[in-house]
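# Summary of the model geometry
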Amino acid sequence: KLCSAQEPADLEISAAQSQLPAQDDVAIRLNFRGVPLDAVLDHLSKAAGFVIVKEGTVEGTVDVLSHQPLTAAEAVDLLNTVLTPHALVAIRTDKILKIVPRDKAKSYDLPVHSGADPEAIPRGENMVTQIIPVRYADAVKLLENLEPLLSSYASISANQSSNAVIITDTQTNIRRLVSVIQALDTS
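Below is a short write-up of the structure. Every value quoted in this text rests on a predicted model; they were computed, and no experiment measured them.

Thresholds, definitions, all that
Residues numbered from 1 in each chain as written. Predicted model: local features only at pLDDT ≥ 70, side-chain atom pairs only at ≥ 80, totals over all residues. Heavy atoms only, no water. Pairing = 2+ DSSP bridges. Helix = DSSP H or I, 4+ residues; strand = E, 2+ residues; numbered from the N terminus. Axes fitted to C-alpha atoms, helices over the stretch in contact; angles between N-to-C directions. Contact = heavy atoms within 4.5 Å. Core = buried A, V, L, I, M, F, W, Y, C linked by side-chain atoms within 4.5 Å. Buried < 20%, exposed > 50% of the residue type's maximum accessible area, 1.4 Å probe, protein only.

### Some remarks on the sheet that holds strand β5 (residues 88-93)
What the three strands build is an open sheet, ordered β3-β6-β5; its pairing is mixed. Strands with a single pairing partner mark the edges of an open sheet, and in this sheet they are β3 (51-54) and β5. The sheet shows a mean angle of 25 degrees between the axes of neighbouring strands, direction not considered. Pairing between β3 and strand β6 (residues 96-101): four bridges, direction parallel. Note that in β6 the partner of Lys 54 across the bridge is Ile 99. Sheet contacts for helix α1 (residues 37-48): β3, β5 and β6; angle to β3, the most-contacted strand, approximately 150 degrees. Across the sheet, helix α2 (residues 72-83) lies against β5 and β6, angled at about 160 degrees from β5, the strand it touches most.

See below:
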């Protein structure tokens, strides 16, 4: 069912409830048009068992349609896409979803990944920290080439002793930067 801002009391949960909350085997549909972001978060809490923690102001309306059911993980990925224009990000820790300002997300408990293969990094708006080992180039010098490509809320550094670049950003942006590193990191 498509919910709208004019029908806030009619937010029907269309999820197959599981025994354990916030499990990835629940089926969630997110069908909202002009609905306050708080109502979408409330729906995710009821449908997938997430405990929602809002750090800062969470405002705005949402337009999203998913006629096919989503898992809890897919729903969080979609939520992060919806949160992007609002400069917010959802950080999942088990069944807890923290909604934080995007520019402050790098100081939270983000997932940490390692690797230099852009194909192994999924596209998405989830914020992560990626450690990229550099084989031939100097990681410290690579920063000069990469810094202009960073988003305003991202951070980048280099570890000289391990010759690695460390980036905190969305997975889509990291994937692009890892592609650039891969192209520059030649013998």
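Here the narrative resumes, following the displayed structure.
### Focus on the nonpolar core
Within the largest apolar cluster, 27 residues are counted, with the highest numbers of intra-cluster contacts made by Ile 28, Leu 30, Leu 44, Leu 79 and Ile 99. Elements supplying a minimum of two residues to this core: β2 (32-36), α1, β4 (61-64), α2, β5 and β6. Of the residues forming this core, the biggest block, seven residues, is contributed by α1. In contact with Leu 79, not counting residues within four places along its chain, are Leu 41, Leu 44, Ala 90, Leu 97 and Ile 99. By size, the runner-up hydrophobic cluster in this structure holds 16 residues, among which are Ile 132, Val 134, Ala 137 and Leu 146.

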